[in-house]
Amino acid sequence: MLLALALGGAGYYLFQEPVFEVTALTLERGPVEQTIAAVVSGTVTPAQKSMVAAGMLGTIKKVHVAQGDTVAQGDLLVELDHEELDAQLALAEANLKVGESRLEQARIGANISKEISATQLSQANAQREQAEAEFARIKALADRKAVSQSDLDKVTLALKVARETQAAAVAGQRENQVRDEEVRSAESMIEQLRQAVQVADAIRQKDFVRAPFSGVVARTILDAGEAVAMGLPLLHLVRTDDMYVEAPFDEANAGQIHVGQICRIELDAYPGREFKGEVSQIAPVVAINPDLSRTLNIRVRILEAMELFIPGMSADVTIIAEQKPDALKAPSESLVRDEFAYRIENGRAVPHDVELGIGNWEFREILSGLNEGDLIVTSVAVKGLREGAKVRVVDELPGY
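Every value quoted in this text rests on a predicted model; they were computed, and no experiment measured them.

## Some words on the overall build of the protein chain
Line of reasoning, step 1. From N to C terminus, the protein chain includes three helices and 24 strands.
Line of reasoning, step 2. Relative to the globule expectation of 21 Å for 400 residues, the C-alpha radius of gyration of the protein chain, 50 Å, shows a markedly less compact shape.
Line of reasoning, step 3. If one aligns the C-alpha atoms of the protein chain with their principal axes, the spans along those axes are about 195 × 55 × 35 Å.
Line of reasoning, step 4. For the protein chain, buried positions account for 34% of its 400 residues.

Set out below in structure tokens:
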């Protein structure tokens, strides 16, 4: 009898129904997002960067900046030796001064010539008028035999001389045109000499390498005394006031991504902090990677705290493809194969098929199958958990 009781007690403990400790959560309504994450970290990239090069052959005289310096557009970065070009510019400027002096002389000569010829013409006109009047008077007297033939010959000769003098004065006026042409020629020469000065100065300016845009000197490459060739990089300049993140996304998501979508950006340098971004450009082609995977490069504009971003940083990018501000949502970890969830009913885990909407790795929208206020199991990976299993809700599972 005692043996039977003992065996009966052992059987009770042997076949007692197990109770599974689980974590659980009450379903509520709230915001849900459909997100698309980049397949690997993206890279912070400046919108403008340049390997600043020399415009001509030469030797570096002085490097005016150091790595990390902030420069404005037009600031002097590197100066090449320019003594020879200084001399060429000085010669061109001296030639210009000589040309300007000759032009001034030509203008003065032309003005003097015009004044003299004008005076001569005026005098010649007056002399001719006087000779014509005297000739007319003597001729009238000669017709009346009141004067001798000799007097008539004298005034006739005087009239002839006056007319020739006037003709010479008129011809002198045409010489002014020659003087004017000399002035125009001198002016043309001045224009050529000015162009020569500009050319000499432009060539000389190539010895002064200036910043093509405002930015930060990322690296200097050469130093004073080193020879440079045309096009040889002298330093690396990057623009830091306008940057973006470029990240690769799976080609399968191409249909869900479009310009203007809001993104979340995370930097290793600032753990736990998120920065706002926006899809600004989508690559026109899919990239085939060495491992034969195919990705679509997306450019994301940084919308806040750009001063914290450093070119070359890695950045995790998540695109918010769709948002719903008030949806019934469940933790993604509570869904088994995205097909069902365990609702706790009378202390037991009862599976319920669910229809899912948008969501991400954290939360999924529940379209049907569960209701607000339902208590569902979140630790579905508990070993042995099955339909109808008896469960006890705890706040936390060891190692879960």
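Still more to cover.
## Notes on the sheet that holds strand 11 (residues 227-228)
Line of reasoning, step 1. Taking strand neighbours across the sheet as the criterion, the four strands line up as 9-8-6-11 in an open arrangement whose pairing is antiparallel. Strands with a single pairing partner mark the edges of an open sheet, and in this sheet they are strand 9 (208-210) and strand 11.
Line of reasoning, step 2. Here strand 6 (residues 58-63) runs beside strand 11; their pairing, made up of two bridges, is antiparallel. Counted as the bridge partner of Thr 59 is Ala 227 from strand 11.

## Remarks on the pattern of salt bridges
A pair can form between side chains of opposite charge whenever their charged atoms are brought close.
Line of reasoning, step 1. Applying the stated criterion across every chain yields a total of 18 salt bridges.
Line of reasoning, step 2. Put simply, Arg 348 and Glu 17 hold a salt bridge, and the shortest N to O gap is 2.5 Å. Of this pair, Arg 348 sits in strand 20 (residues 348-353) while Glu 17 is found in the loop between helix 1 (2-14) and strand 1 (19-22), placing the two residues 331 residues apart along the sequence.
Line of reasoning, step 3. Owing to a relative accessible area of 30%, Arg 348 belongs among the partly exposed residues under this scheme.
Line of reasoning, step 4. The salt bridge partner of Asp 338 is Arg 364, with a shortest N-O separation of 3.4 Å. Of this pair, Asp 338 sits in the loop between strand 18 (314-331) and strand 19 (340-345) while Arg 364 sits in strand 22 (residues 363-368), and the two are 26 residues apart along the sequence.
Line of reasoning, step 5. For Arg 364, a relative accessible area of 18% gives the class buried.

## So, the pairing of strand 18
Line of reasoning, step 1. Of the strand pairs in this sheet, strand 3 (residues 28-37) and strand 18 are connected by nine bridges, and their pairing is antiparallel. Across the sheet, the residue bridging to Arg 29 is Leu 328, located in strand 18.
Line of reasoning, step 2. Pairing geometry for strand 4 (residues 42-46) and strand 18, over two bridges, is antiparallel. Bridge pairing in strand 18 places Thr 43 opposite Ser 314.

## Observations concerning unusual backbone geometry
Line of reasoning, step 1. Its identity is not glycine, yet Leu 292 carries a phi of approximately 70°, on the positive side.
Line of reasoning, step 2. Mapped onto the secondary structure, Leu 292 falls in the loop between strand 16 (287-288) and strand 17 (294-302).
Line of reasoning, step 3. The phi dihedral of Arg 337 is positive, around 55°, even though this residue is not glycine.
Line of reasoning, step 4. Locating Arg 337 in the fold gives a position in the loop between strand 18 and strand 19.

## As for the packing of aromatic side chains
Line of reasoning, step 1. If you walk through the whole model with that rule in mind, you get three aromatic pairs.
Line of reasoning, step 2. Aromatic pair Phe 340 and Tyr 342: ring centres 5.5 Å apart, planes at 85°, arrangement edge-to-face. Neither Phe 340 nor Tyr 342 differs from the other in exposure class; each is buried.
Line of reasoning, step 3. Three or more aromatic residues link up through ring pairs in this structure, and these residues are Tyr 270, Phe 275 and Phe 309.
Line of reasoning, step 4. Lying over the aromatic face of Tyr 244, Arg 299 brings its terminal NZ or CZ to 3.9 Å of the ring centre.
Line of reasoning, step 5. Positioned above the aromatic ring of Phe 363 is the side chain of Lys 329, whose terminal nitrogen or guanidinium carbon lies 4.4 Å from the ring centre.

## Comments concerning the nonpolar core
Line of reasoning, step 1. In this structure, Val 245, Phe 249, Ile 265 and Phe 309 are the most contacted members of the largest nonpolar core, which totals 25 residues.
Line of reasoning, step 2. Elements that contribute at least two residues to this core include exactly strand 13 (243-250), strand 14 (262-267), strand 15 (274-282), strand 17 and strand 18.
Line of reasoning, step 3. Once residues within four sequence positions are removed from consideration, Phe 309 is found in contact with Val 44, Met 243, Val 245, Ile 265, Leu 267, Phe 275, Ile 302 and Glu 304.
Line of reasoning, step 4. Counting 18 residues, the second largest nonpolar core, distinct from the first, contains Val 63, Leu 80, Leu 234 and Leu 235.

## A short note on the side chain of Asp 374
Line of reasoning, step 1. By the secondary structure assignment, Asp 374 is in the loop between strand 22 and strand 23 (375-377).
Line of reasoning, step 2. A residue is classified by how much of its surface remains accessible, and Asp 374, at 11% relative accessible area, is buried.
Line of reasoning, step 3. At a separation of 2.8 Å, a polar atom in the side chain of Asp 374 contacts the main-chain amide nitrogen of Asn 371.
Line of reasoning, step 4. Beyond its immediate sequence surroundings of up to four residues, Asp 374 is in contact with Leu 25, Thr 26, Leu 27 and Arg 343.

## So, the sheet that holds strand 10 (residues 215-220)
Line of reasoning, step 1. The four strands are arranged 5-12-10-7 in an open sheet whose pairing can be described as antiparallel. Either end of the sheet is taken by a strand with one partner, and the two such strands are strand 5 (49-53) and strand 7 (70-71).
Line of reasoning, step 2. With four bridges connecting them, strand 10 and strand 12 (residues 233-238) associate as antiparallel partners. The partner of Val 217 across the bridge, within strand 12, is Leu 237.

Calculation notes
- Residues numbered from 1 in each chain as written.
- Predicted model: local features only at pLDDT ≥ 70, side-chain atom pairs only at ≥ 80, totals over all residues.
- Heavy atoms only, no water.
- Helix = DSSP H or I, 4+ residues; strand = E, 2+ residues; numbered from the N terminus.
- Rg over C-alpha atoms; globule rule 2.2 N^0.38 Å.
- Buried < 20%, exposed > 50% of the residue type's maximum accessible area, 1.4 Å probe, protein only.
- Pairing = 2+ DSSP bridges.
- Salt bridge = Lys/Arg side-chain N within 4 Å of Asp/Glu carboxyl O.
- Phe/Tyr/Trp six-rings, centres within 6.5 Å; stacked < 30°, edge-to-face > 60°.
- Lys NZ or Arg CZ within 6 Å of the ring centre and 35° of its normal.
- Core = buried A, V, L, I, M, F, W, Y, C linked by side-chain atoms within 4.5 Å.
- Contact = heavy atoms within 4.5 Å.
- Polar contact = N/O pair within 3.5 Å; in protein donor to acceptor, adjacent residues only side chain to side chain.

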